Amino acid sequence: MITKIAVSSGKGGTGKTFIATNIAIIMAKKGRKVRYLDCDVEAPNGHLFLKPQIDEEEDVMILSPVGVDEEKCINCGDCAEACHYNAIAVIKEKVLFFRELCHACGACQVVCPTDAVIEGERKIGVLRLGKSGLINFHYALLETAEGGMSPRLVKKVKSYIGEGINILDSSPGTSCPVVETVKDVDLCVLVTDPTPFSINDLKLAVAMSREVGQEPVVIVNRAEYGNDNLKEYLSSEKLEIVGEIPDDRQIAEVYSRGDIVVEKLPQYKELFEKIAHKIMEASKEKRFVRKKKREEIDKVKKKIGKPKQYETPAQKNLKNLW
Ligand code: SF4
Ligand code: SF4
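Below: a short report on this structure. (Residues numbered from 1 in each chain as written. Chains lettered and ligands numbered in written order. Predicted model: local features only at pLDDT ≥ 70, side-chain atom pairs only at ≥ 80, totals over all residues.)

As a further point, take the site of ligand 1. Surveying the vicinity of ligand 1 reveals 14 residues, the closest of which are Cys-83, Ala-87, Cys-102, Cys-105 and Cys-108. Within the residue set of the shell around ligand 1, elements represented by two or more residues are strand E3 (53-68) and helix H4 (107-111). The residue inventory of the shell around ligand 1, partitioned by class, reads 11 nonpolar, three polar and no charged. (Near = placed C-beta within 6 Å. Helix = DSSP H or I, 4+ residues; strand = E, 2+ residues; numbered from the N terminus. Nonpolar A, V, L, I, M, F, W, Y, C, P; charged D, E, K, R; others polar.)

As structure tokens, then:
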């Protein structure tokens, strides 16, 4: 059986990797087959804690436009018009490609009437595969100036999802690589702390998660509540807390040395075992609540049909003027 658990967060620095690595260790120690997939391809750091032995390394290549066959090109400019990323400009009968802006979407090749766009291989990152004890470890490093290719590299890391429990350490935020990580998992775990910044970014992460059809659960790190803001928000959104980690200086010290808390501080083993258990239970529930709602909305939309186009008074006046 394949179980996919994404550990994400709205804000960076809330303890996402700390939770993901400790949960992975606990699950592996319970005899589960665990894979750790670091999908934070722009700044992976799971390997600093799980210290895997890397057995394989491969360059991740994609095909993307590298130039134009000048004999075939008729300078029509269709490619530049089709490119949503402004990666092509046609200036004075010359087609210029700006590689750093190219997202390799292929639109320019589709629209080119003379098949003049030349494709070539492009390295977007490096993938490393190894083992940390019994845990299969996979992570990737994005090439410099290849930010637009993050989702592709995440996809590549995710292609190693396999039998057992797959822990996907996501990048923080709500951008494309996070969506790519979270979109088809069995459970999305959002890590937060009770600070105003984290609560604000948690709200964005919850919205993103629901938008892609995932009803997330929450872990509160450094759970010292100065006020009720976080709890009020979680209860108003009916979000389940699957774990609360106390604000303990010892944890911060162990983490800052790159060590695993459940190994160095045995008093926290039981807490992480409980969190791991709750995560596994929640992953079986398949919490795709909002997706169902969206499907219902789509059904209603289909029934109603295409809405009528109404003209605003300003549009009517303009028409009358002509
Ligand atoms: S592949 Fe897409 S992003 Fe790249 S140049 Fe062509 S249209 Fe633009
Ligand atoms: S669409 Fe093709 S033919 Fe037209 S300018 Fe671009 S490369 Fe040249």
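Attention now goes to the packing of helix H1 (residues 16-29) against helix H11 (residues 269-284). Across the interface, H1 lies against H11 with an axial gap of 9 Å and an inter-helix angle of 85°. What the angle tells us is that H1 and H11 run roughly perpendicular. Of the residues in H11, those touching H1 at Asn-22, Ile-23, Ile-26 and Met-27 are Phe-272, Glu-273, Ile-275, Ala-276 and Ile-279. The residue makeup of the contact of H1 with H11, split by class, is seven nonpolar, one polar and one charged. (Axes fitted to C-alpha atoms, helices over the stretch in contact; angles between N-to-C directions. Parallel < 35°, antiparallel > 145°, perpendicular 65-115°, else oblique. Contact = placed C-beta atoms within 7 Å.)

Tracing the backbone shows Val-126 in strand E6 (residues 117-132). Expressed as a C-alpha distance, the spacing of Val-126 and Val-41, which sit 85 residues apart in the sequence, is 9.5 Å. Residues contacting Val-126, with those up to four places away along its chain left out, are Glu-57, Asp-59, Val-60, Ala-140 and Leu-141.

All right, on to the site of ligand 2 then. Taken together, 15 residues lie around ligand 2, and Cys-73, Cys-76, Asp-78, Cys-79 and Cys-112 are the ones closest in. Taken together, the residues that form the shell around ligand 2 break down as 11 nonpolar, three polar and one charged.

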